[in-house]
Amino acid sequence: MSPPVNQDFISEAQEIVDVLNRDLIVAENESSTGGEIDPERVNNLFRSAHSLKGISGMFGFDSISRLAHSLESVLDGMRLGRVHIDPVGLDVLFACVERFNSLIAAAATGEDCNANVEDLTKRLEKVARGDAADTADPLEFIELGSEVRTVLTEYEEHRLKENIKRGRNLYILRITFDLANFDLGLAELDAAVKSIGEVITKLPSSKTAESGSISFDIIVGSDSNIQELSKTLGDDRIEITTIQRKQMVATALKKRAMPIPQKDTTKSDAIVEQDKNIEGSNSQLAVEGSEFARSSQDESASVKSVSQTVRVDIRRLDRLMNLVGELSLTKTAFLHISDVMKQQIGFVGLAVDLHKESRNFERRLSELQAGIMEVRMVPLANLFERMVRVGRKISRELKRQVRIEVSGEHTELDKLIVEDLADPLMHLIRNAIDHGIETPEVRAAAGKDPEGTVRLSALAQGNHVIVEVSDDGGGIDPEKVIKMAVAKKLVTPERAKELTRREIFNLLFIAGFSTRSEVSEYSGRGVGLDIVKNNISQLSGVIDIFSVKGKSTSITVTLPITLAIIPALVVAVAGRTYAIPLNNVLETLAIEDTTVSTIERREVISVRGATVPLVDLRHHFRMETKERPEVCYGVVAGVGQHRMALVVDELVGQQDIVIKSLGRRLQHIKGIAGATELGNQKTILVIDMVALINELAVDSAATEA
Amino acid sequence: MRKVLVVEDSSAMRGLIASIVDQVDDCEVVEVAGGFDALRQLPRERFALIITDINMPDINGLELLSFIRKNPNYTQTPVLIVSTESSERDRAKGLALGANAYITKPFIPDDLKAAVLRLLGSAT
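Along each chain, the written sequence defines residue order, and numbers are assigned to residues from 1. Chains and ligands are labelled sequentially in the order written, the chains with letters from A and the ligands with numbers from 1. Only residues with pLDDT of 70 or above have their local features reported here, since the model is predicted, and side-chain atom pairs are shown and tallied only from 80 upward, although totals for entire chains, interfaces and linings are computed over all residues. To get the side-chain values, take all heavy atoms of the structure and skip hydrogens and water.

1. Regarding the overall build of chain B
Item 1. Along the backbone of chain B there are 5 helices and 5 strands.
Item 2. Listing the helices and strands of chain B from first to last along the sequence gives β-α-β-α-β-α-β-α-β-α.
Item 3. Across the 124 residues of chain B, 64% fall into the buried class.
Item 4. Here, residues are in contact when the closest pair of their heavy atoms is within 4.5 Å. In chain B, 62% of the contacts between residues at least 6 apart in sequence involve partners at least 24 apart.
Item 5. Accessible area for chain B stands at about 4,400 Å²; split by element, carbon and sulfur atoms hold 48% of it. Counting from the N terminus, the helices are DSSP H or I runs at least four residues long and the strands are E runs at least two residues long. Working definition: with a 1.4 Å probe on protein chains only, accessible area under 20% of the residue-type maximum means buried, over 50% means exposed, and in between means partly exposed. Per-residue and other accessible areas were derived by the Shrake-Rupley procedure at a 1.4 Å probe size, with only the shown protein chains allowed to occlude residues.

2. Things to note about the packing of aromatic side chains
Item 1. Aromatic rings from Phe, Tyr and Trp, with only the six-membered ring used for Trp, were paired whenever their centres fell within 6.5 Å, and each pair was classed as stacked if the ring planes differed by under 30 degrees, edge-to-face if by over 60, and tilted otherwise. Evaluation of the coordinates by the stated rule reveals 8 aromatic pairs over all chains.
Item 2. Note on Phe9(A) and Phe61(A): the rings are 4.5 Å apart at their centroids and 5° apart in plane angle, and the pair reads as stacked. Of this pair, Phe9(A) sits in helix α1 (residues 7-32) while Phe61(A) sits in the loop between α2 (39-58) and α3 (62-79); the two residues are 52 residues apart in sequence, bridging distant segments of the chain. In this structure, Phe9(A) and Phe61(A) share a single accessibility class: buried.
Item 3. Ring geometry for Phe182(A) against Phe36(B): centres 5.1 Å apart, planes inclined by 85°, an arrangement best described as edge-to-face. Of this pair, Phe182(A) sits in helix α8 (residues 182-194) while Phe36(B) sits in helix α2 (residues 35-41), on two different chains.

3. Considerations on empty space enclosed by the protein
Item 1. A cavity here means a set of 1 Å grid points, computed over protein atoms only, where a 1.4 Å probe fits but cannot escape. A pocket is an open set with protein on both sides within 12 Å along at least 5 of 7 lines, and lining residues have an atom within 4 Å of a point. Grid points are joined across faces, edges and corners, and a volume is the space filled by probe spheres set on the points. This model, assessed by the stated rule, comprises 3 cavities of 30 Å³ or more.
Item 2. Estimates place the volume of the largest cavity at around 100 Å³.
Item 3. The wall of the largest cavity is formed by 13 residues, among which His50(A), Ser51(A), Glu8(B), Asp53(B) and Lys105(B) lie closest to the centre.
Item 4. The greatest single-element share of the lining of the largest cavity, amounting to 5 residues, is contributed by α2(A).
Item 5. For this classification, the nonpolar set comprises Ala, Val, Leu, Ile, Met, Phe, Trp, Tyr, Cys and Pro, the charged set comprises Asp, Glu, Lys and Arg, and every other residue, Gly included, is treated as polar. The residue inventory of the lining of the largest cavity, partitioned by class, reads 2 nonpolar, 6 polar and 5 charged.
Item 6. Asn322(A), Gly325(A), Glu326(A), Leu329(A), Asp656(A), Ile657(A), Val658(A), Lys660(A), Thr676(A) and Glu677(A) together form the lining of the second largest cavity.

4. Some remarks on the sheet that holds strand β3 (residues 213-222) of chain A
Adjacent strands of a sheet pair through backbone hydrogen bonds, lying either parallel or antiparallel.
Residue and element names in this part refer to chain A.
Item 1. Judged by pairing direction, the sheet is antiparallel, and its 4 strands sit side by side in the order β2-β3-β1-β4 without closing on themselves. Where the open sheet ends on each side, the last strands, each with one partner, are β2 (197-205) and β4 (239-242). Going from strand to strand, the sheet's axes swing by 25° on average, the running direction of each strand aside.
Item 2. Across 4 bridges, the pairing between strand β1 (residues 169-178) and β4 is antiparallel. Pairing of tyrosine 171 across the sheet is with threonine 242, part of β4.
Item 3. Each axis is a line fitted through C-alpha atoms, taken for helices only over the stretch in contact, and angles between the N-to-C directions span 0 to 180 degrees. Strands in contact with helix α9 (residues 226-233) are β1 and β4; relative to β4, the strand with the most contacts, it is inclined by about 155°. A strand pair is defined by DSSP finding two or more bridges across the two strands.

5. Some thoughts on the sheet that holds strand β14 (residues 585-591) of chain A
All names here are of chain A.
Item 1. Taken in spatial order, the 6 strands line up as β14-β18-β19-β17-β16-β15 in an open sheet, and their pairing is mixed. Every interior strand has two partners, whereas the edge strands, β14 and β15 (596-599), have only one. The mean inter-strand angle of the sheet, taken between neighbouring strand axes irrespective of direction, is 40°.
Item 2. The pairing of β14 with strand β18 (residues 632-639) spans 6 bridges and is classified as antiparallel. Pairing of isoleucine 591 across the sheet is with cysteine 632, part of β18.

6. Details of the interface of chain B and chain A
Item 1. Contacts between the two partners involve 43 residues from chain B and, on the opposite side, 48 residues from chain A.
Item 2. Once two parts are put together, the accessible area they lose, assessed with a 1.4 Å probe and summed over both, is termed the buried area. Between chain B and chain A lies a buried interface of about 4,000 Å² when both sides are counted; carbon and sulfur atoms form 56% of it.
Item 3. It is Met1(B), Arg40(B) and Glu63(B) in chain B that bury the most area against chain A; as a group they hold 16% of the surface buried on that side.
Item 4. Take a side-chain nitrogen of Lys or Arg and a carboxyl oxygen of Asp or Glu: if they are within 4 Å of each other, that pair is a salt bridge. Linking chain B with chain A are 5 salt bridges.
Item 5. Glu157(A) is the partner of Lys93(B) in a salt bridge, and the nearest nitrogen-oxygen pair spans 3.2 Å.
Item 6. Side-chain atoms alone can form a polar contact between residues adjacent in sequence; in general such a contact is a pair of N or O atoms within 3.5 Å, and within protein one must be able to donate a hydrogen while the other accepts it. Linking chain B with chain A are 12 residue pairs in polar contact (both at pLDDT 80 or more).
Item 7. Mapped by element, the contributors of at least two residues to the side of chain B that touches chain A are α1 (11-22), β2 (27-32), α2, α3 (61-70) and α4 (88-96) of chain B.

7. Observations regarding the pattern of salt bridges
If charged atoms from side chains of opposite charge come close, those side chains can pair.
Item 1. Scanning the model with the defined rule gives 40 salt bridges over all chains in all.
Item 2. Put simply, Glu367(A) and Arg364(A) hold a salt bridge, and the shortest N to O gap is 3.2 Å. Placement of the pair is Glu367(A) and Arg364(A) together in helix α13 (residues 349-376), with a separation of 3 residues, close to one helical turn.
Item 3. Under the relative-accessibility criterion, Glu367(A) is labelled partly exposed at 48%.
Item 4. As a salt-bridge pair, Glu8(B) and Lys105(B) come within 3.1 Å of each other at their nearest N and O atoms. Residue Glu8(B) is found in the loop between β1 (2-7) and α1, and its partner Lys105(B) is found in strand β5 (residues 101-105); the two are separated by 97 residues along the sequence. The pair formed by Glu8(B) and Lys105(B) is uniform in burial state, with each residue classed as buried.

8. A look at the confidence of the model for chain A
Residues and elements named next belong to chain A.
Item 1. Scored from 0 to 100, pLDDT records how confident the predictor is in each individual residue. Confidence in the prediction for chain A averages 77 pLDDT; 82% of positions are at 70 or higher.
Item 2. Within chain A, strand β9 (residues 464-471) carries the highest mean pLDDT (91), whereas helix α11 (residues 266-297) carries the lowest (40).
Item 3. A low-confidence stretch, residues 517-527 stays under pLDDT 50, and its non-local contacts, those more than four residues away or across chains, total 17 contacts.

9. Quick look at α9(A)
Turn by turn, an α-helix covers 3.6 residues, leaving residues three or four places apart pointing in a common direction.
Item 1. Sitting at the head of α9(A), Asn225(A) places a side-chain oxygen 3.1 Å from the backbone nitrogen of Gln227(A).
Item 2. Downstream of α9(A) by a residue or two, Gly234(A) has a phi angle that is positive, lying close to 55°.

10. Focus on α3(B)
Residues and elements named next belong to chain B.
Item 1. When you tally the buried positions in α3, you get 9 out of 10 residues, the bulk of the element.
Item 2. Among the residues of α3, Gly61, Leu62, Glu63, Leu64, Leu65, Ser66, Phe67, Ile68 and Arg69 are the ones counted as buried.
Item 3. Where α3 starts, the residue carrying a side-chain oxygen 2.7 Å from the main-chain nitrogen of leucine 62 turns out to be asparagine 60.

See the structure below:
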C-alpha cells in the first residue's frame, strides 16, 4: 500500500519551501551586514528542511526527500554550532530552494519527479564539513536537574550550552496559566523575554495546582540580573529562580570558550547588535536586490509558486472584519452629515459631491466586506469526507449495512462554523446508524433493502445553510416519545394530548431524554440530542427533527453562513435600544390591540394565516413595565420551521454590526447574543433570536412548570 | 470507542497518520497540530493511545511525553513516537522517558498500524 499523491502534500511542501526561502533571505542579510544569524532563524530553517524531508519521504517523493535530507544535515550543523556558513555556503542553500521549487512543480503536474539531485547533495556535503565540534560539556557546570536535561532536544540543549558559554545568567520562571489561554500568556512572556534574553525551553509542569490551569517551567538565558528580569516581565505571579553555577569550574570554562572562533564574548555582541540596528534601514533594499538577482539567474520556471493558496489565521480576518465594522460606522456618519447638509444648503455644490462620494464609499465598503467574507468561507467537502469515514467505521462495527450518500458538499460556510460543526454532526451520524438503521435481517423482514442509506446533504438558502442528516431506518414512534416524556415528567398527560407532531419530536431535545432504555456504546454515553442542540445553538443555528415511523428520520440544522458581520435591525423597547440580527427576521408589521389574541395564556397574532406567538421584551427582560404603547411593531423572526414575533415600540433603522462577546460573566444571559457599537460611541445589546425561539419551542412542547 | 490522539504539526503527515489509525477497528482519531493543543486536549477526553512527533513548534514531543508520564492521570497511557531517523539521539531520550514505541519516518503504513494495534492491545 503506497500513500496517494495528494494536493495536501503539494501545498504544504510549497508552503515550507516559501518559508525556507524567506528565512534564507533574511539570514543572508543578517550575515552580510556582519551580524550573527539569529539562532531562532537557523532553527526555523532546520525545521523547514526537516518537515519537508518528513513529508516528501512519506509521500514517496524520493528526490525531494534526499535533497531535504542533505540540506537538513547542514542546517542541523549550523544550529548546533558545528557548521559555520559563508556566502558560498549560502548560495548552495539558495540553489536547493530553487531545485525544490522545480521538483515540486514537476510533482504537481504528475511529471517524473525522481530527478537527480546528486550535484547539490555533493555541494551540501562540502558545506557540512564544518569546524570540529568542541567537546566540553558546559552542562556539567550548572545546577540543573537531570530530569530537565532529559526532555531537551539536541537544539535546546545546544542553546543552553551557548548561553552558559557566553556567561549569561540562567533562570527558571515558574508560572501558572488558565488552560484555556495559556498559549497567549506564553506568547506575551516570550515577547517580554526577547528584549533582554532568550527563552531556551518551555516545560509543562505536571505539578499543576488545580485542574483547568497549567504550570510551565520556562528556562531563560539573559545578561540581566534577577531584578532587571523581574522588572521587564512586570508580573509578580512569575516565580523566578536562578540556576546556580558551580563557581570555580565555570570560570575555567569561560577561559576555554574564548578561543573558539565565530563566538564573540558578551561585550562585543552588544556592539554587533548596534551595528545591526544602524544597517537595518538598508536591509530592505538589500533583500530586494538579492531576490531579483536570484530570480533572473536560475531556472526561471521554478520561480513561480505552484500552490496558489495562502493560509491565514482566522483571527487576522476577524480583525479586518472589525475594521470594516468600524468603517461602516464612519460611513453612517458621512451619510448623516450629507443629509444634514442637504437640508441646510440644499442639494447643490459640495452637498452633491459629499453625497456622491459617500455613496461611492458605501459601495466599495460593501465590496470589501464581501471580499473578506469570501475568504472566510470554506466548502463543507472536507468535513463531509471525514463524516463518511467515521460513518463507515461505525456501521462496520455495529454490523449494519449502510450506504452513506453525500450531496451539496460544495456549499460554503464560515470556517469557524465548519470547525464547530464536526462534533454535533458526528453525533447525528452515529445516531442515524445506531438508532436509525435496523439490522439487515430486520430490514429484510420489513421488505426493505437490507442495505440502509444515510444521507448527508447541505443546501445554501439565502444567508443560511441547511445541513441535513437523514436515514431510511426505523424512524421514531411518536407514541413512545410521549410515553417516555410523561414518565419522565417532562410533560403533563393533558398537555401531551395537544402536542403537534413537530412538538412531540422536539421533546427529544430536552435534557435527560433518551428513547433507548439500554445503553449503547455509541449513543448512550449520557450525551444526547440536547448537547447537539446546545452546540448548534452556540453557532446561532437551529435544529429540527422529523420522522415517519418505520420509514425515515431526518434532522435538519439551519446555520447562518457567518457570525462575523451581519446586517441588523435596530429597535427601541421601553426607551432602550437593541439590535436584532436581520438574517432571522422575516418581516415587520404594525400591531394593534385588536389583532392580538390569547391562546393558553400566551399572546399570539395571526400572520398570513399562521398563528405566531408574541414575545414582549418588556416581560422577557423584566423591565419596569411601562404599558405597551397603542401602536407598536412586531418583528417576525423565523429559524428553521419555528416562528415568533418580537414586540417592540419603535423600528429605528438598519445597520451592519459586528457582534462582540459580553465576556464570560454575562455569557449565560438568555436572549442576548452580545453587544455592538452604534455610531457616536453608543453600545447596545444584540438580541439572540435563535435562543428566544429555542426557548419558546421547548417551552411550548414541555409543561409550563 | 477508543480515542487516539495524534500530535503532529505537518497537516499532510497528520492526515496520513489519521487515515491509517482510522483503519483500526473501534478507534477514533483526535488530531492536534502541536504540543500546546495537546496539553489542552488531554484533560478533555480519555485517550487510549497518544501518537506524537518530536520536532514541533511550541513544546517538543519529549516535553509532552515527560508531562504525560509525570501526570497521574496519563501515566498508563501508551505513547508512540513517530519521528525522523536523524533524531537518533532523540529516539533514545524518548524511550528513556517512557515512550512505548518509536517509529521512524518515513514509515510503512502497515508498520504503524501494527504498532497501534499492539499498543492498544496492551492498554486495557
